[in-house]
Amino acid sequence: MSRPKTGRSLRQRLMRVFYPALLWIFWPYLFLRLPDYPGAHITFRRLVNLYRNRWEINRLRITLRSLPLKLTIEPINVCNLHCPACFTGDGQVGRARKAMPPDLYQRLLDEMGDYLWQLEFCNWGEPLLSKQIHTMIRAAANRGIGTVVNTNFSFPFSAERAEDLVRSGLTILGVSIDGARQETYEQYRVGGDLDTVLANCRLVQSTKRKVGLATPQLVWSFHMFPHNVDDLPRARELARELEMTFFVEKGWIVGEEWDPSSSVEFKDPMVPFPCIFLWSQAVVNIDGGVAPCCGTFYPEDDMGQLRLADTTAGAQTFAEVWNAERFQQARAMYRSRTAAAVKNHVCYACPATIVWDRWKEYRAHGGDPSTFDPGFTMNDSFNYFWNRRPPGAAAPRRLTIGTR
């Protein structure tokens, strides 16, 4: 849906005007520069894969020789909280609740580890509930891969576990803390305890000093909603006290975006660009299902299936799925969405695909880049995936997050 331009911040308006043009003007620099994946070791294989990947996305190649630069995996798909804008928190049932089989993870590392720049250990569950998380991180770090864990950290965490986590080689530990008071924090992190979260952050920082390591870098991730706006100054102060990098972004909600005129912005602007999940990033779930992106939840939308040890069905390698029919169909939509019309495909009606299609048509008719309106925000993108339900799936509860 369209948004009035008067409701956008100056940064959003400038991004809309200049971002597409800058991509082409500075293409040589953008092509050659190294990606921002902290903790990754630069190797010949990673560089070759990086530049091959960038060439392929620039050419909108449908069949790829490159492998993803970043991999998101689900160590475990259970969670201790009930966040209202999360499939798991809402009680949706998509896959069996369990941990990722160690042999599946090892196969992914064996095939992709020499090419990956970053491995992210989180999707729809709480990764630190996995008993194998430290071992998994260490295996990736030993291969020179930058590692990221995003956690709610609202559960008991011992000094022993803290030391295991610090010594694992984890690069970044993101902690979702959406408030500086319990009464505001718990409106979104339903069932969470703010004091426990802060105590765990202190424990990790003190453990780093104890063992003499600088990582993981702790990041306070503050998702802003109407009910926690007033907590922002105190949250920044607490983050400084805890020596945490502070990051604030607008929180998405089920339904209409809250206060479109707010100066607080979503993490990523909605700009016309080929979806990075179809060329540069990948998501593998606990059951071997390869998702099209981090927005999907149900196995019905998977692009393919990796074979598990106790089954004979599925692909033996990730590369087989990466270039299988459904990925090729999705990439083809960026060349011609009409010609590649597979309307039941999750990517067909995705806002990212539609924005690119609109952009191509707009520019083909001589449209001024400064007046192009994608017609979507990241809140619309979230709602697209949130409202997509396979037959028989329960309707979302649509919990209200609270108001200031």
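Residues numbered from 1 in each chain as written. Predicted model: local features only at pLDDT ≥ 70, side-chain atom pairs only at ≥ 80, totals over all residues. Heavy atoms only, no water.

## Some details on the packing of aromatic side chains
Moving on, step 1. Per the stated rule, a full pass over the model turns up 22 aromatic pairs.
Moving on, step 2. Ring plane angle 55° and centroid distance 6.2 Å describe the contact between tyrosine 105 and phenylalanine 121, whose orientation is recorded as tilted. Here tyrosine 105 is found in helix H4 (residues 102-112), whereas its partner phenylalanine 121 is found in strand S2 (residues 118-121), with 16 residues between them in sequence. With respect to class, tyrosine 105 is no different from phenylalanine 121; both count as buried.
Moving on, step 3. A centroid spacing of 6.3 Å and a plane angle of 65° characterise the contact between phenylalanine 155 and phenylalanine 157, whose relative ring orientation is edge-to-face. For the pair formed by phenylalanine 155 and phenylalanine 157, the shared burial category is buried.
Moving on, step 4. Taken together, the ring pairs connect Phe87, Trp124, Trp252, Phe297, Tyr298, Phe382 and Trp386 into an aromatic cluster. (Phe/Tyr/Trp six-rings, centres within 6.5 Å; stacked < 30°, edge-to-face > 60°. Helix = DSSP H or I, 4+ residues; strand = E, 2+ residues; numbered from the N terminus. Buried < 20%, exposed > 50% of the residue type's maximum accessible area, 1.4 Å probe, protein only.)

## What about the nonpolar core?
Moving on, step 1. Counting 103 residues, the largest nonpolar core has Phe121, Phe153, Ile177 and Trp220 as the members making the most contacts within it.
Moving on, step 2. The dominant element in this core, judged by the number of residues it contributes, is helix H8 (residues 194-211), at 6 residues.
Moving on, step 3. If we skip the residues at most four places from it in the chain, tryptophan 220 touches Val175, Ile177, Gly179, Leu198, Ala235, Leu238, Ala239, Leu242, Met244, Thr245, Phe246 and Phe247. (Core = buried A, V, L, I, M, F, W, Y, C linked by side-chain atoms within 4.5 Å. Contact = heavy atoms within 4.5 Å.)

## As for the pattern of salt bridges
Moving on, step 1. In the structure shown here, the tally under the stated rule is 16 salt bridges.
Moving on, step 2. Aspartate 178 is the salt-bridge partner of arginine 189, the closest N and O atoms lying 2.6 Å from each other. One end of the pair, arginine 189, is in the loop between helix H7 (182-188) and H8; the other, aspartate 178, is in the loop between strand S4 (172-176) and H7, with 11 residues separating them in the sequence.
Moving on, step 3. Lysine 250 is the partner of glutamate 257 in a salt bridge, and the nearest nitrogen-oxygen pair spans 2.7 Å.
Moving on, step 4. On the basis of relative accessibility, which here comes to 2%, the residue lysine 250 falls in the buried class.
Moving on, step 5. A single salt-bridge network, built from bridges that share partners, covers Arg45, Asp110, Asp114 and Arg143. (Salt bridge = Lys/Arg side-chain N within 4 Å of Asp/Glu carboxyl O.)

## A closer look at the side chain of aspartate 302
Moving on, step 1. Looking at the element boundaries, aspartate 302 is found in the loop between strand S8 (289-291) and strand S9 (304-305).
Moving on, step 2. Overall, the relative accessible area of 9% leaves aspartate 302 in the buried class.
Moving on, step 3. Among the polar contacts made by the side chain of aspartate 302, one reaches the side chain of arginine 95 at a distance of 2.8 Å.
Moving on, step 4. If we ignore the near neighbours within four places in the chain, the residues touching aspartate 302 are Arg95, Asn285, Gly289, Val290, Ala291, Pro292 and Arg326. (Polar contact = N/O pair within 3.5 Å; in protein donor to acceptor, adjacent residues only side chain to side chain.)

## Looking at empty space enclosed by the protein
Moving on, step 1. Inspection of every chain in the model, using the stated rule, returns 5 cavities of 30 Å³ or more.
Moving on, step 2. What the second largest cavity holds in volume is close to 60 Å³.
Moving on, step 3. Of the residues that constitute the lining of the second largest cavity, the class distribution is 3 nonpolar, 2 polar and 3 charged. (1 Å grid on protein atoms, 1.4 Å probe; cavity = no way out; pocket = protein on both sides within 12 Å on 5 of 7 lines; lining within 4 Å. Points joined across faces, edges and corners; volume = space filled by probe spheres on them. Nonpolar A, V, L, I, M, F, W, Y, C, P; charged D, E, K, R; others polar.)

## A word on helix H6 (residues 159-167)
Moving on, step 1. Listing the buried residues of H6 in full gives Ala162, Leu165 and Val166. Looking straight down H6, one finds that the buried residues subtend no more than 95° of arc, so they occupy a single side.
Moving on, step 2. Here the buried face of H6 lies against helix H5 (133-141), S4 and H8.
Moving on, step 3. One or two residues past the end of H6 sits glycine 169, with phi positive at roughly 95°. (Arc of directions from axis to C-beta.)

## Examining the pairing of strand S1 (residues 70-73)
Moving on, step 1. Residues Lys70 and Thr72 line one face of S1 and the alternating positions Leu71 and Ile73 line the opposite face, and both faces are buried.
Moving on, step 2. With H4 bridging S1 and its parallel neighbour S2, the resulting β-α-β unit is right-handed.
Moving on, step 3. As paired elements, S1 and strand S7 (residues 281-284) share 4 bridges and run parallel to each other. Considered in S7, the bridge of isoleucine 73 is made with valine 284. (Right-handed = clockwise from strand over helix to strand, strands pointing away. Pairing = 2+ DSSP bridges.)

The values reported here are purely geometric and, on their own, carry no functional implication.
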